[in-house]
Amino acid sequence: MTLDKYFKLYEKEDPHYQEVEVDINIEAISKARSNDERDNQRVTIDETDVTSIADKNIDNNNVLMLISAGYDANEMKPYLIFYDPNRDNVVKLLDDTGHKPYAYSKLSPNQLRSNDVITRYSNKIIDIVEEVKHDPITDSEVKVSKIIVTDPLVIGGKKDSLREKIDLWEADIKYYVNYLFDQGLQIGDYYVIKDGKPIKVNLNPPQEVEKFAEKLSSEEREWLYRLSQPVINLKRVALDIEVYNPRGVMPQPEDPRHPIFIISLRGSDGLKKVLFLDLRREYKEDIIEVDGYEVEIFRNEVNLIQRAIEIVKNYPILLTFNGDTFDLPYIIARAKFLKVPNIEDSFHKGRNEVSITWGIHIDLYKFFKNASIKNYAFSGAYDIVSLDTIAKALIGKGKVETPEHFDDMNTIDIIKYALTDADITYELTAFNNDLVMRLIVIIARISNMTIDDVTRLAVSNWIRNRLIYLHRRRNYLIPRPEDIHKKTGTRHFQPVTKGKKYVGALVIDPKPGIHFNVVVVDFASLYPSIMKEYNISYETVNCPHEQCKTNLVPNTSTWICRLKKGIISEFVGIIRDIRVNVFKKLSKDKSIEQSKREFYNVIQGALKVFINAIYGVTGSETFQFYYLPSAEAVTIYGRYIIEQAIKKAEKLNLKIIYGDTDSLFIKNPEQKLLEKLMEDIYNTYRLKLEVDKIYKYVVLSSRKKNYFGVTKEGSLDIKGLQGKKSNTPPYIKTIFYDILKKLKNIENKDDFNVVRKEIIDIIKNAEKKLINREVPLDELVISVTISKPLEQYTKTTPQHVKAAKLLVKQGRKIYPGSVIKIVKTRNSLGVKPVELVKSVSEVDAEKYIDLLHSTLEQILEAMNIEVERGRVVVVDSKKSLDKFFKL
DNA sequence: GCGGACTGCTTACCT
DNA sequence: ACAGGTAAGCAGTCCGCG
């Protein structure tokens, strides 16, 4: 019997399907519960920190961390959200200073008062006052009128808001952000609340941090202290729901007809609970245990939902994976469908997110999908963003493998499947001493952005937010994008790549062959260093001062300010210095205990994310402070400096065999000459050239960004080669790595002869297996990502799109980000999704042999081994051997 | 009608 | 919803070809 039938039965029998009456006061229960639990929770701030609070003579010792802010539309006031480590809950503090929404106009107050648009809003305009701000673009003082209003919607957010009708400045900053910044508040800092006002608590920094303080500028010291503040443990619970869906139906919040039959919960306090709706009527017990989880059995879905809400309200942080788009919207929709009362008292559904009333909701899917988090924080450890792949990559465990449908599973397996999801969702925030939670808080500190926004917005927004704060501090009028675009200045070079806006980095033509003893030198964070050293920022590039116009970027007519420090240049400079000079050192200092070292490592890693992204965002049209000449100035300086380094190296008779952007590969250099080069470069350009690594040997072809090498330490470095790419079939990948493994061990000519024979055997054997169709289908799949909605492939239809369309015909949903596994087949399309291939006889073996050859060619070419149809040839073997062992 | 030369599109990589 | 530079495979087009 299938669940399907039970479901119908349930639908008829369950009285709550008709009319729901609930006599539980969820609020009261959750309050009672949190009172009970209070005493069990301890302060997690170090003893020393508490002492420093006493030093400040603050009577209330209740130290809170500021984690969020918002606007209460009913009260018409902004509020702050603090985390209370004593009670493990959040405290909402409504503003009592009378702060109001505002924006700036360049019209005078009188002009504004007679303006039609303004008069229409007169009942909502509190005041118009003149202020003097500094305009960074003209480097002069400007008079502006601050229009103070009753409601943020008067400024923006509606069709007839002021910013749609008249020229306004600073009108696209969210009101609670304005509020935070105007009060000088910073997310992630500690406060006590006295007389309804937040008062900053300065914690005593740990000894190892204090050591650095005296050498730093005051701004750097502020960063040092703020970032090194401890991050308290945040009490949290992961939630995951399972919806019973009939076969072939994907549950969607828009269609909440299907029951939520499991809600699994995993808390940072050890909570392991599954709420299970016994659709199959299998259990007489109220509670059973599965895998250490307490499973509460429900016969009624409303009770189950209410119980879940009751439990999660004990946790100020709610974790989900896709909770913004699925779990929470479904709970809301289903609760409304079942007429569960007062669901709005718990959840607010926004356009792109769901917030909770008792704390903060973090959707980990959004956070891990963030390109900066993926690539910089976790160095691309996962490429597909799913709970399974991320968990496997980061915590070494994935989801439970399941059949396609719950009906094909027994109940215990369904429960195990469900609890695993909540379990790994929580674990993703807990591994390595809560690394992810700490990372989120540190990013919030660097960007001064609320925890909610940090986890949902991308790096350009993080950077924008901090820069807005810095503008406020300097009393700068924040320019609108169009103000920056109106500045003079043009592009100087045609970009190398079609469709790009400006020229980028220089890549040196590689010298093909096998090169022994290769030293790779590179400029440490070249672009950020250029921005710092050459004062590059939107307002300093092509600045308004006559006397700066001679300070030219090489080979251009772009000039750079000599008089004022650029705001972006200063920001990147400070965080670069504090990372390199302090937090990187702390993270490597063996005299510091490991957990602290890990914390410093998180800080330096978070700083790196910002440092690496800042140049990029200045060249991105969607960034508020986008200015093409400033982005171009960075890359042109980069090209200039690497070119000067090459010239200097050549003068010293150093042999450069390759280089990319900020690196030079130098063949068998004399130590003295190398040192001379690095010294000269630093003295001339104030940029550090350092030894990055040394290769025992490196194998280059004529292709740029494609090589492999064995380092002095014996590890194999593979860059860009086809065999490394994710879309190479596993079978070919294996052979590629088998051959590289053989090459790695070569020490002399005799080894080579043996290895050469082995390589030839490997290739011939692989071809034979392909022709005889002995390779299983799984080994032949080519995984390709769908990058946009299928209907947007209008110009061409690539093979993976053709295959995806076949899957759609089968009822499969394909989204951007879906990975299609295709197999080259001998049908008219030349390709099929692996799911639709019935047997290996359909495989186009010839295509795979071609693919094998082209993949291997990249590594064998340099050794003069040629692979052709059905044979492997060593071309001019004697010469190739000589070449191989020349040095 | 068919294939080679070519361009453009797409993906995945490097820095 | 951070940049440009590069390789590779394929789609699509044009042109020549008694």
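The structure contained in this document is the topic of the report that follows. Residue numbers run consecutively from 1 along every chain, following the written order of its sequence. Both sets of labels track the order of writing: A upward for chains, 1 upward for ligands. Local features in a predicted model are, by the rule used here, given only for residues with pLDDT of at least 70; side-chain atom pairs are given and counted only at 80 or more, and totals for whole chains, interfaces and linings are based on all residues. Based on all heavy atoms of the structure, the side-chain values leave hydrogens and waters out of the count.

**Side note on the overall build of chain A**
Reasoning step 1: Elements are defined by DSSP. Helices are runs of H or I of four residues or more, strands are runs of E of two residues or more, and each kind is numbered from the N terminus. Scanning chain A for helices and strands turns up 29 helices and 29 strands.
Reasoning step 2: The principal-axis extents of the C-alpha atoms in chain A amount to approximately 90 × 85 × 60 Å.
Reasoning step 3: Each residue's exposure class comes from its accessible area (1.4 Å probe, protein chains only) as a fraction of the maximum for that residue type: buried when under 20%, exposed when over 50%, partly exposed otherwise. Out of the 887 residues belonging to chain A, those deemed buried represent 54%.
Reasoning step 4: A contact between two residues is defined here by any heavy atoms of the two lying within 4.5 Å. If you take every contact in chain A between residues at least 6 apart in sequence, the share linking residues at least 24 apart comes to 67%.

**Considerations on unusual backbone geometry**
Reasoning step 1: In this structure, Asn322 is a non-glycine residue whose phi angle is positive, near 80°.
Reasoning step 2: You can call Asn322 partly exposed: its relative accessible area is 23%.
Reasoning step 3: Its identity as a non-glycine residue notwithstanding, Asn555 has a phi of 65°, on the positive side.
Reasoning step 4: Of note, Asn555 is situated in the loop between α20 (526-533) and α21 (567-588).

**Comments concerning the side chain of Glu220**
Reasoning step 1: Relative to the helices and strands, Glu220 is located in helix α10 (residues 218-228).
Reasoning step 2: We note that Glu220 is buried and unpaired, the nearest opposite charge coming from Lys532 at a distance of 6.3 Å.
Reasoning step 3: In contact with Glu220, other than residues within four places in its own chain, are Ile574, Asp577 and Ile578. Under this rule, positive means Lys or Arg and negative means Asp or Glu; His and the chain ends count for nothing. For this document, the term salt bridge refers to a Lys or Arg side-chain nitrogen within 4 Å of an Asp or Glu carboxyl oxygen.

**Here we look at the sheet that holds strand β10 (residues 260-267)**
Reasoning step 1: The 7 strands are arranged β12-β13-β11-β10-β9-β14-β17 in an open sheet whose pairing can be described as mixed. With partners counted over all chains shown, the strands left at the sheet margins are β12 (287-290) and β17 (360-363), one partner each. Across the sheet, the axes of successive neighbouring strands diverge by a mean angle of 25°, strand direction being ignored.
Reasoning step 2: Sheet strands touched by helix α16 (residues 411-447): β9 (236-243), β10, β11 (272-277), β12, β13 (293-298), β14 (317-320) and β17. Its angle to β9, the strand with the most contacts, is close to 150°. When DSSP finds two or more bridges between a pair of strands, those strands are recorded as paired. Angles run from 0 to 180 degrees between N-to-C directions of axes, and those axes are lines fitted to C-alpha atoms, restricted for helices to the stretch in contact.

**A short note on the packing of α20 against helix α23 (residues 628-651)**
Reasoning step 1: Relative orientation of the contacting elements α20 and α23 amounts to 110°, with a least axis distance of 9 Å. Classified by the interaxial angle, the pair formed by α20 and α23 is roughly perpendicular. For the pair formed by α20 and α23, the contact residues are Leu526, Tyr527, Ile530 and Met531 on the first element and Val634, Thr635, Tyr637, Gly638 and Ile641 on the second.
Reasoning step 2: Amino acid classes used here: Ala, Val, Leu, Ile, Met, Phe, Trp, Tyr, Cys and Pro are nonpolar; Asp, Glu, Lys and Arg are charged; the rest, including Gly, are polar. Partitioned by chemical class, the residues of the contact of α20 with α23 number 7 nonpolar, 2 polar and no charged. In these notes the angle categories are as follows: under 35 degrees is roughly parallel, over 145 is roughly antiparallel, 65 to 115 is roughly perpendicular, and the rest is oblique.

**Re the protein's contact with DNA strand B**
Reasoning step 1: A molecule or strand has a residue near it when one of that residue's heavy atoms lies within 4 Å. The local shell around DNA strand B holds 21 residues, among which Lys498, Asp662, Ser726, Ser787 and Tyr793 are the closest.
Reasoning step 2: Close to the protein, within 4 Å, the atoms of DNA strand B are drawn from sugar and phosphate at a rate of 95%.
Reasoning step 3: Residue Lys705 places a side-chain N or O atom 3.0 Å away from a base oxygen belonging to DNA strand B.
Reasoning step 4: Take Ser787: an N or O atom from its side chain is 2.5 Å from a phosphate oxygen of DNA strand B.
Reasoning step 5: Taken together, the residues that form the surface near DNA strand B break down as 5 nonpolar, 7 polar and 9 charged. Throughout this description, a polar contact denotes any pair of N or O atoms lying within 3.5 Å of each other; where both atoms belong to protein, one of them has to be capable of donating a hydrogen while the other can accept it, and for residues adjacent in sequence the pair is counted only when both atoms sit in side chains.

Nothing here speaks to function; it is all geometry.
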